Amino acid sequence: MKKILTVLGMAAMLLSCTKEITIDHHISAEFPRVGELSGVRVLFAAGGDADILVTPDGGRRVITYKALSIVTGDYTDAELSTLLEETFWRAPSRQWIIHTASPVEGTVLGGAGFVNCLRARGLSAEGGMLFASSNTYDKIEGITVSPLGFTVKVKEAAL
């Protein structure tokens, strides 16, 4: 009997101690509104109708438009490594696209998170190879191979 009273007493104590406590910490979070990305048509050809027209003169250059940077020209893998140090790694929040007319292995670019756009979409083009940084690849649409071109949604400015 003494054991039954002890068990009942402990059960009563446990039932009286199982109050739920809710504490409101008054925490709120606001996320910045993401602006509408504008579609920009890029074409690698001697002539045509595009927002950014890159003529295939073989010269090396970096073209910038809002948060988009397009690197074009012939590069070896060693030169691409140096180029990434001087451009991409200094501003990784920009949207980077690299176009090279000569075939490259892509290991340097792949190691930096670049995607071979044509290979990833099952395409091949005589106009060169096209790589996009990981924050840009999913914003590319409508790739054409003759002439090489695409539309990319571009952020207003780099972060």
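Residues numbered from 1 in each chain as written. Predicted model: local features only at pLDDT ≥ 70, side-chain atom pairs only at ≥ 80, totals over all residues. Heavy atoms only, no water.

## Considering the sheet that holds strand 1 (residues 38-44)
Here we have four strands laid out as an open sheet, ordered 2-1-9-8, and mixed in their pairing. The open sheet is flanked by strand 2 (52-54) and strand 8 (140-145), the only strands paired with a single partner. On average, adjacent strands in this sheet sit at an angle of 15° to one another, irrespective of strand direction. (Pairing = 2+ DSSP bridges. Helix = DSSP H or I, 4+ residues; strand = E, 2+ residues; numbered from the N terminus. Axes fitted to C-alpha atoms, helices over the stretch in contact; angles between N-to-C directions.)

## Some points on the sheet that holds strand 4 (residues 68-72)
In spatial order, the strands read 3-4-5-7-6; together these five strands make up an open sheet with mixed pairing. Where the open sheet ends on each side, the last strands, each with one partner, are strand 3 (61-65) and strand 6 (115-116). Here strand 5 (residues 95-100) runs beside strand 7 (residues 129-132); their pairing, made up of four bridges, is antiparallel. When the sheet's bridge partners are listed, His99 is paired in strand 7 with Leu130.

## Considering the pairing of strand 4
Of all five residues that make up strand 4, five are buried, and the element is covered over most of its length. Burial along strand 4 is two-sided: Leu68, Ile70 and Thr72 facing one way and Ser69 and Val71 facing the other are all buried. The pairing of strand 3 with strand 4 spans five bridges and is antiparallel. The partner of Thr64 across the bridge, within strand 4, is Ser69. Between the parallel pair strand 4 and strand 5, the chain is carried across by helix 2 (residues 77-86), and the sense of this crossover is right-handed. (Buried < 20%, exposed > 50% of the residue type's maximum accessible area, 1.4 Å probe, protein only. Right-handed = clockwise from strand over helix to strand, strands pointing away.)

## A closer look at the side chain of Thr87
Checked against the element boundaries, Thr87 lands in the loop between helix 2 and strand 5. Polar contacts involving the side chain of Thr87 include one to the main-chain carbonyl oxygen of Leu83, which spans 2.7 Å. (Polar contact = N/O pair within 3.5 Å; in protein donor to acceptor, adjacent residues only side chain to side chain.)

## Brief notes about the packing of aromatic side chains
All chains considered together, the criterion is met by four aromatic pairs. With a centroid separation of 6.2 Å and an interplanar angle of 40°, the aromatic rings of Phe44 and Phe150 are classed as tilted. With Phe44 in strand 1 and Phe150 in strand 9 (residues 148-154), this pair connects stretches of sequence that are 106 residues apart. In terms of burial, Phe44 and Phe150 fall into one category: buried. Between the aromatic rings of Phe88 and Trp96, the centroid separation amounts to 6.4 Å while the plane-to-plane angle is 80°, which identifies the pairing as edge-to-face. For the pair shown, Phe88 and Trp96 are each scored as buried. Among the aromatic side chains, those forming a connected cluster through ring pairs are Phe88, Trp89, Trp96 and Phe114. (Phe/Tyr/Trp six-rings, centres within 6.5 Å; stacked < 30°, edge-to-face > 60°.)

## Some points on the pattern of salt bridges
Between side chains of opposite charge, a pair can form when the charged atoms approach closely. According to the stated counting rule, one finds three salt bridges in the structure shown. The salt bridge partner of Arg60 is Glu79, with a shortest N-O separation of 2.7 Å. Here Arg60 is found in the loop between strand 2 and strand 3, whereas its partner Glu79 is found in helix 2, with 19 residues between them in sequence. Across the pair Asp138 and Lys139 runs a salt bridge, and its minimum N-O distance is 3.5 Å. On the accessibility criterion, Asp138 (59% relative accessible area) is exposed. For Lys139, a relative accessible area of 19% translates into the label buried. (Salt bridge = Lys/Arg side-chain N within 4 Å of Asp/Glu carboxyl O.)

Just geometry here; none of it tells us what the structure is for.
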